[in-house]
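Listed below are the residues making up each chain.
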Amino acid sequence: MIRTALLSKWHVHAQEYAEEAIQNENIVLTHVWDEQKERGQVWAEELGLIFEEELDNIIRNSEIDAVIVASPTNMHTEIITKAAKHGKHVFTEKVLAETEADAAAILQEVEKHGVKLMVSLPRLTADYYLYTQKIVDKGLLGRLTTIRCRVAHNGSVPTEQDPNGWLPQHFYDKELCGGGAFIDLGAHPIYLTNRLGGQAKAVTARFIRTFDYEVDDNAVAIVEYESGALGILETGFVSSGSPFQLEVYGTEGTLMIEDGTIRLKSVKLNDGWHTPAADELPETAPSAMMQWVTEILSGKEPDISNHDAYLLTLINDAARRSNEEGCRIELKRG
């Protein structure tokens with residue numbers, strides 16, 4: 001059994017991770033720590049776990065094998081680095097860190113101490129992504145020219161029931177989050193497009209504050225790839241009814257995904273638009289947490305890699321700098 005502690009209920013996905021861990025036969029939850037003592041005590045009581053007020057007591061506890069991190073983003077570097085140095089495996093909410101330098105430093109410690117790290121990038125396990133990657137790898141789209149990915153919701157839009165929107169107000173705290181919509185929800189377009197586009201070489205981004213919070217609630221970034229393709233990444237907390245969209249354009253075909261609808265057209269198929277049947281789609285891959293557990297127990301390499309986590313932070317950091325400096329940011333090879 002992997003004896004595991006929950007570190008913070010700050011993020012909206014923290015409870016989901018706890019529930020998935022409880023359902024996993026190879027994990028036993030033992031402790032809770034939270035930077036807000038009262039919240040942590042309540043959570044520990046709800047789950048029937050031990051509340052520990054001091055983070056270092058969790059980190060130094062030799063009976064704890066792993067931690068699940070859902071803390072504020074600005075605490076990731078400290079928490080994950082400490083955990084790695086003390087031999088704890090780490091499952092964490094996106095993003096790995098606020099800056100490329102911090103992400104690289106974390107990964108150095110992870111490698112040095114031989115612990116298993118997993119950043120939750122759930123859409124890399126989805127059947128539509130796996131299908132898209134297969135179509136690209138087969139060359140049915142020819143040379144890729146543009147990848148457009150949009151993930152957005154209305155979490156910041158005021159309603160009568162939620163005058164400030166339904167997102168927790170701490171999601172607008174720049175110090176805690178490191179940013180707004182782009183660093184959080186924008187992670188999904190980033191890591192999906194990273195996989196499909198290959199080596200990125202430059203980023204240009206613009207962030208908007210529609211409702212005058214101190215962080216962005218609407219954002220777009222253009223990523224240039226070494227291949228010559230362009231990535232258009234769109235996200236926001238101010239779009240009601242916005243579907244998930246992934247569009248991949250190439251010299252010989254187009255693949256379009258809107259929520260559950262997939263359409264493919266390729267000159268190599270010569271049959272107009274094709275909608276794949278259910279049995280044409282790959283099986284959904286094991287969840288990020290399942291992949292993490294499997295690697296801990298067997299050493300099997302996960303599909304979601306530390307390099308995926310690094311590149312996510314790299315693009316995030318470059319987009320932030322582009323918006324702040326008002327210019328195109330060239331990337332170092334990573």
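The structure this text deals with has already been given above.
Since the model is a prediction, treat every value here as computed from it, not as a measurement.

Caption draft 1: Summary view of the packing of aromatic side chains. Taken as a whole and judged by the stated rule, the model has 6 aromatic pairs. Arranged with centres 5.1 Å apart and planes meeting at 75°, the rings of Y17 and F91 form a pair that is edge-to-face. One end of the pair, Y17, is in helix α1 (residues 14–23); the other, F91, is in strand β5 (residues 89–92), and 74 residues separate them in sequence. On the basis of relative accessibility, which here comes to 7%, the residue Y17 falls in the buried class. Grouping aromatic residues by their ring pairs yields a cluster made of Y17, F91 and W292. Here the basic side chain of R123 rests over the ring of F244, its NZ or CZ set 4.6 Å away from the ring centre. Its guanidinium or amino end placed over the ring of W273, R263 lies 4.4 Å from that ring's centre, counting from NZ or CZ.

Caption draft 2: The arrangement of the sheet that holds strand β1 (residues 2–7) in detail. If you walk across this open sheet you meet the 6 strands as β3-β2-β1-β4-β5-β6, and the pairing is parallel. A strand with exactly one partner marks an edge of an open sheet, and here the two such strands are β3 (50–51) and β6 (117–119). Both β5 and β6 contribute to a ladder of 3 bridges, which runs parallel. Counterpart to V90 in the pairing with β6 is L117.

Caption draft 3: Expanded view of unusual backbone geometry. Put simply, K94 and V95 share a cis peptide bond, and its omega is -10°. Mapping V95 onto the fold places it in the loop between β5 and α5 (100–113). Not every positive phi belongs to a glycine, and S8 is a case in point at roughly 85°. With respect to the helices, strands and loops of the structure, S8 is situated in the loop between β1 and α1. Look at S8 and you get buried, because its relative accessible area is 1%. The backbone of D259 sits at a positive phi, close to 50°, despite the residue not being glycine. For D259, the position within the fold is in the loop between β12 (253–258) and β13 (261–266).

Caption draft 4: Region of the structure containing the side chain of T92. Mapped onto the elements, T92 comes out in strand β5. Other than its neighbours up to four places away in sequence, T92 contacts V69, H76, I80, L117, M118, V119 and S120.

Caption draft 5: Quick peek at the sheet that holds strand β11 (residues 245–250). The sheet built from 8 strands is open, its strands ordered β13-β12-β11-β7-β10-β9-β8-β14 with mixed pairing. If you trace the sheet from one side to the other, it starts and ends with β13 and β14 (329–330), each paired once. As defined by bridge partners, strand β7 (residues 144–152) adjoins β11 across 6 bridges and the pair is classed as antiparallel. Bridge assignment links I147 to a residue of β11, and that residue is V248. Across the face of the sheet, helix α11 (residues 306–325) comes into contact with β8 (200–208), β9 (218–225), β10 (230–236) and β14 while running at roughly 55° to β8.

Caption draft 6: Representation of the packing of helix α6 (residues 127–138) against helix α9 (residues 187–197) within the structure. Closest axis-to-axis distance for the α6/α9 pair is 10 Å, and the angle between their directions is 20°. The angle between the axes of α6 and α9 places the two elements in the roughly parallel class. The chirality of how α6 crosses α9 is right-handed. Residues Y129, T132, Q133 and V136 of α6 form the contact with α9, whose participating residues are L192, R195 and L196. Taken together, the residues that form the contact of α6 with α9 break down as 4 nonpolar, 2 polar and 1 charged.

What counts, and where the lines are drawn
Residues numbered from 1 in each chain as written. Predicted model: local features only at pLDDT ≥ 70, side-chain atom pairs only at ≥ 80, totals over all residues. Heavy atoms only, no water. Phe/Tyr/Trp six-rings, centres within 6.5 Å; stacked < 30°, edge-to-face > 60°. Helix = DSSP H or I, 4+ residues; strand = E, 2+ residues; numbered from the N terminus. Buried < 20%, exposed > 50% of the residue type's maximum accessible area, 1.4 Å probe, protein only. Lys NZ or Arg CZ within 6 Å of the ring centre and 35° of its normal. Pairing = 2+ DSSP bridges. Contact = heavy atoms within 4.5 Å. Axes fitted to C-alpha atoms, helices over the stretch in contact; angles between N-to-C directions. Parallel < 35°, antiparallel > 145°, perpendicular 65-115°, else oblique. Left-handed = near helix turned anticlockwise from the far one by under 90°. Nonpolar A, V, L, I, M, F, W, Y, C, P; charged D, E, K, R; others polar.

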